[in-house]
Amino acid sequence: MITVTVKLYGTLPQRMPAYDPQRGLVVTLGPGATVADLTRQLNLTAEDTGVVALDGRVAQPEDRLPNDAHIRIFQVALGG
Amino acid sequence: MKLIRVNMTDQTVQVEDVPQQYAGLGGRGLTSVMIDAEVPPQCDPLGPENKLILAPGLLSGTPLVNTGRISIGAKSPLTGGIKESNSGGKIATSLGKLGITAIVVEGRSPAGTLGMLVIDPSGNAVLKDASALKGMRTYALSAKLLQDFGPKNTVACIGPAGELQLASASIQTTDVDDRPCRAAARGGLGAVMGAKGLKAVVVSTEGKNADAIADPEAFKEAAKAIAQSIQKNPFTGQMLPALGTAGILGGVNALGAFPSYNATKGVFDGWEKISGEALAKRMQERGGKTKHMGCSQCIIHCSNEYVDEKGAYVTSSLEYETIWSMGGMIGVDDLDTIAQLDFLCDDIGLDTINTGVAMAVAMDAGHKPFGDGAAAIAMVEEVALGTDFGKILGNGPVAVGKHFNHHRVPAVKGQSIAAYDPRAMQGLGVTYATSTMGADHTAGNLLGLYLAGALKPLEPEGQADASRVAQITMAALDCIGLCILAGGVVASAKGREAMTRMLSAKLGQEMAPDAISAMGVRILQAEKGFNTKAGLTAKDDRLPRFFYEEPLPPHNTVFTVTDADLDKVYTFR
Ligand code: SF4
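Residues numbered from 1 in each chain as written. Chains lettered and ligands numbered in written order. Predicted model: local features only at pLDDT ≥ 70, side-chain atom pairs only at ≥ 80, totals over all residues. Heavy atoms only, no water.

Opposite the 25 residues of chain B that make contact, chain A presents 19 residues. In total, chain B and chain A occlude about 1900 Å² of area from one another, counting both sides; carbon and sulfur atoms represent 66% of this. Inspection of the region where chain B meets chain A yields one salt bridge. Along the contact surface separating chain B from chain A lie four residue pairs in polar contact (both at pLDDT 80 or more). Among the elements of the structure, helix H7 (234-243), helix H8 (249-254) and helix H17 (447-451) of chain B are those that each provide at least two residues to the side of chain B that touches chain A. (Contact = heavy atoms within 4.5 Å. Buried area = accessible area lost by both parts, 1.4 Å probe. Salt bridge = Lys/Arg side-chain N within 4 Å of Asp/Glu carboxyl O. Polar contact = N/O pair within 3.5 Å; in protein donor to acceptor, adjacent residues only side chain to side chain. Helix = DSSP H or I, 4+ residues; strand = E, 2+ residues; numbered from the N terminus.)

So this is what it looks like as structure tokens:
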């Protein structure tokens with residue numbers, strides 16, 4: 001099993017009542033889990049999941065998650 | 001459907017029916033086609049031959065939501081080309097309800113005089129003497145005008161920067177709370193208004209003479225479908241009301257595309273202190289507003305009201321682009337300072353983007369250290385005081401670069417880039433380079449494609465085509481008068497079909513399925529035609545050298561879209 005820390009942005013935190021913006025979420029996944037597995041486990045659809053940053057770099061859905069990774073998930077948005 | 005022509009030279013006002021050549025146009029469509037037809041391309045932008053045109057969108061004043069947008073156009077003193085700058089507030093809806101298709105300001109007031117245009121509830125327009133208002137800043141000015149003419153009016157005005165005819169001067173419009181905090185900021189249109197000797201336009205909000213809708217039932221039905229899709233969309237229905245446009249700040253930093261410290265880094269060290277989330281948290285703690293209606297008929301409410309520690313009003317609306325230009329770009333990570341700078345720019349009548357970037361260039365050249373918020377506030381105040389340096393700063397980043405002999409000036413056609421670095425979002429570079437407006441993110445923003453993973457931001461492939469499509473759509477939205485934040489609805493086939501039905505219902509003629517694209521192309525062609533006649537060439541459709549040469553951390557990429565690809569953007573099939 002691997003454990004990753006996830007921070008959510010935009011209105012995504014509102015979907016998880018227990019979310020603590022300081023600490024983020026600690027999520028446990030099976031070995032070899034990918035970014036797509038993580039978003040699925042968090043019930044985030046393609047419509048509301050924008051860029052996913054994995055240890056400071058933009059990740060693709062098929063990217064594998066290393067143990068202890070720090071992940072930030074942003075929403076899809078248009079320009080300001 | 002009438003045009004109000006105001007001749008500042010002989011101080012006359014004439015009303016005419018909209019000529020056939022402008023039928024079916026509003027907003028940017030009308031300003032650009034009219035400028036192309038009526039303004040000598042080689043004229044001095046601050047001379048009497050230029051025309052300043054204020055045109056509400058084609059659907060402003062109708063029941064469609066989010067149509068409180070006005071286009072203001074002229075030949076730009078900043079870019080030397082055509083300019084459309086878009087603002088919100090109440091003025092577009094008010095003009096629409098008066099049945100006024102555009103106000104066209106021509107000529108130039110006799111030297112030393114200052115006027116204002118006042119339009120009453122019947123749509124009658126008169127020019128009045130405004131010499132007593134000389135030098136006034138926009139907040140005090142708007143408050144005075146609304147006291148003198150009554151609260152059921154709305155105002156478009158200039159501050160000291162416009163009177164000084166500085167190339168970053170904005171035209172401010174009052175929002176739904178009567179504050180002059182919405183801006184047609186880009187391209188120095190405030191300087192054009194100042195050069196004409198026009199301090200303010202006061203418009204009644206009580207008009208009841210909107211142009212008829214040919215098929216009201218069909219219009220209502222399509223308008224309902226559009227409103228529903230705006231509400232259902234997570235961006236317009238949830239994120240913008242919760243966090244405002246600043247909600248995208250984290251995502252842009254995650255993409256390494258947030259130009260910081262005069263575009264030397266793509267991630268700002270203090271981004272979490274100035275993000276939409278941080279802004280919302282602070283406003284919740286202080287009793288400010290994170291969800292605020294800035295413009296008439298808006299159902300999104302992307303605006304906010306920033307308050308200080310005691311809960312007193314500081315500014316509205318603190319937007320993503322300003323948080324960048326007055327924050328990351330100059331190394332300031334304190335929202336209170338950024339809010340103060342935003343207020344000052346609105347009050348003086350200055351484009352926050354161009355002014356922030358001008359300060360970033362000055363800091364990069366060693367004039368002041370990055371991150372020095374107090375120095376930034378003092379610099380902006382210098383603009384209003386009209387000091388020598390204030391005038392240079394108020395003329396924008398290119399003027400500042402020349403003054404300091406500093407080459408790192410992130411501007412195209414004289415206008416600064418916005419809050420997306422072209423090296424980390426190549427398509428934004430295409431838009432900045434090729435847009436008829438100079439570097440303008442609203443002309444064709446591809447952020448949505450990057451965040452959704454539909455286009456690779458660092459690769460040159462596909463960027464020119466994507467920018468062309470976006471530029472066509474944005475031009476059409478600016479013509480219709482739909483807020484571009486709501487514009488995502490026309491990206492879907494269903495939304496586009498509803499919008500086409502609505503235009504048919506409004507105009508009483510069946511529109512072709514590609515009518516929206518055709519509208520956008522017509523506008524871009526008129527603009528490009530004007531710019532070519534004004535003397536702009538392919539050389540003006542290029543980014544500054546340093547974007548091709550200096551890699552941007554963290555991706556360490558440069559801008560790699562070829563000149564040949566840039567030159568194809570304005571090729572329309
Ligand atoms: S979303 Fe924002 S900019 Fe657009 S109409 Fe509403 S308040 Fe104005």
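Okay, the sheet that holds strand E9 (residues 153-157) of chain B next. Residues and elements named next belong to chain B. Pairing in this open sheet of six strands is mixed, and the strands run E8-E7-E12-E9-E10-E11 from one edge to the other. Two strands in the sheet have a free side with no partner beyond their single neighbour: strand E8 (125-129) and strand E11 (182-184). Strand-to-strand twist across the sheet, computed as the mean angle between neighbouring axes with direction ignored, equals 20°. In this structure, E9 lies alongside strand E10 (residues 171-173), joined through two bridges in antiparallel fashion. Paired with Cys157 across the bridge in E10 is Gln172. (Pairing = 2+ DSSP bridges. Axes fitted to C-alpha atoms, helices over the stretch in contact; angles between N-to-C directions.)

Our next topic: the environment of Val52(A). Residues and elements named next belong to chain A. By the element assignment, Val52 lies in strand E3 (residues 52-54). Considering only alpha carbons, one finds Val52 and Ile71, 19 residues apart in sequence, at a separation of 6.9 Å. Setting aside its immediate chain neighbours within four residues, Val52 contacts Val35, Arg57, Val58, Ala59, Ile71, Arg72 and Ile73.

Our next topic: the site of the ligand. Residue and element names in this part refer to chain B. Looking at the ligand, the residues that line it are Asn66, Arg69, Arg182, Gly294, Cys295, Cys298, Ile300, Cys302, Cys483 and Leu485. Considering only residue class, the shell around the ligand consists of six nonpolar, two polar and two charged. Both domains that furnish three or more residues to the shell around the ligand are identified here as domain 1 (2-204) and domain 3 (258-392). (Near = heavy atom within 4 Å. Nonpolar A, V, L, I, M, F, W, Y, C, P; charged D, E, K, R; others polar. Domains from an automatic or database assignment.)

A word on the packing of aromatic side chains. As enumerated under the stated definition, the model contains 13 aromatic pairs over all chains in all. Consider the rings of Tyr139(B) and Phe343(B), whose centres lie 4.7 Å apart with planes at 50°: the pair is tilted. With a gap of 204 residues between them, Tyr139(B) in helix H3 (residues 138-149) and Phe343(B) in helix H11 (residues 335-348) connect regions that are remote in the sequence. Centroid distance Phe258(B) to Tyr320(B): 6.1 Å. Interplanar angle 45°. Geometry classified as tilted. Here Phe258(B) is found in the loop between H8 and helix H9 (276-286), whereas its partner Tyr320(B) is found in helix H10 (residues 320-325), with 62 residues between them in sequence. Three or more aromatic residues joined by ring pairs form one cluster here, namely Tyr9(A), Phe74(A) and Trp271(B). (Phe/Tyr/Trp six-rings, centres within 6.5 Å; stacked < 30°, edge-to-face > 60°.)

We now examine the nonpolar core. In terms of nonpolar packing, the biggest core is built from 186 residues, with Leu52(B), Leu64(B), Ile103(B) and Ile119(B) touching the most fellow members. The element contributing the most residues to this core is helix H18 (residues 463-480) of chain B, with 10 residues. Counting 22 residues, the second largest nonpolar core, distinct from the first, contains Val6(A), Tyr19(A), Leu44(A) and Leu65(A). (Core = buried A, V, L, I, M, F, W, Y, C linked by side-chain atoms within 4.5 Å. Buried < 20%, exposed > 50% of the residue type's maximum accessible area, 1.4 Å probe, protein only.)

This part takes up unusual backbone geometry. Note that the residue after Ser316(B), namely Ser317(B), is joined by a cis bond; omega there is -10°. Residue placement: Ser317(B) occurs in the loop between strand E15 (313-315) and H10. Between Pro553(B) and the following residue, Pro554(B), the backbone shows a cis peptide bond with an omega angle of 10°. Mapping Pro554(B) onto the fold places it in the loop between helix H21 (546-549) and helix H22 (563-568). The phi torsion at Asn43(A) lies on the positive side, around 60°, for a residue other than glycine.

Attention shifts here to the domain arrangement of chain B. All names here are of chain B. Under the domain assignment, chain B is made up of domain 1 (2-204), domain 2 (213-243 + 422-573) and domain 3 (258-392). Spacing between the C-alpha centres of domain 1 and domain 3 amounts to 25 Å. Every contact between the two is made by 36 residues of domain 1 and, on the other side, 33 residues of domain 3. Surface buried jointly by domain 1 and domain 3 totals about 2600 Å² across both partners, of which 48% is contributed by carbon and sulfur atoms. Among the residues domain 1 hides against domain 3, the three largest losses belong to Asn66, Arg137 and Tyr139. Together they make up 22% of the total.

This part takes up the environment of Gly99(B). All names here are of chain B. Structurally, Gly99 can be placed in the loop between helix H2 (91-97) and strand E6 (100-106). The class of Gly99 is buried, set by a relative accessible area of 4%. Placed 353 residues apart in sequence, Gly99 and Ala452 show a C-alpha to C-alpha distance of 41 Å. Each residue touching Gly99, except ones within four places of it in the same chain, is listed here: Met1, Lys2, Asn209, Ala210 and Asp211.

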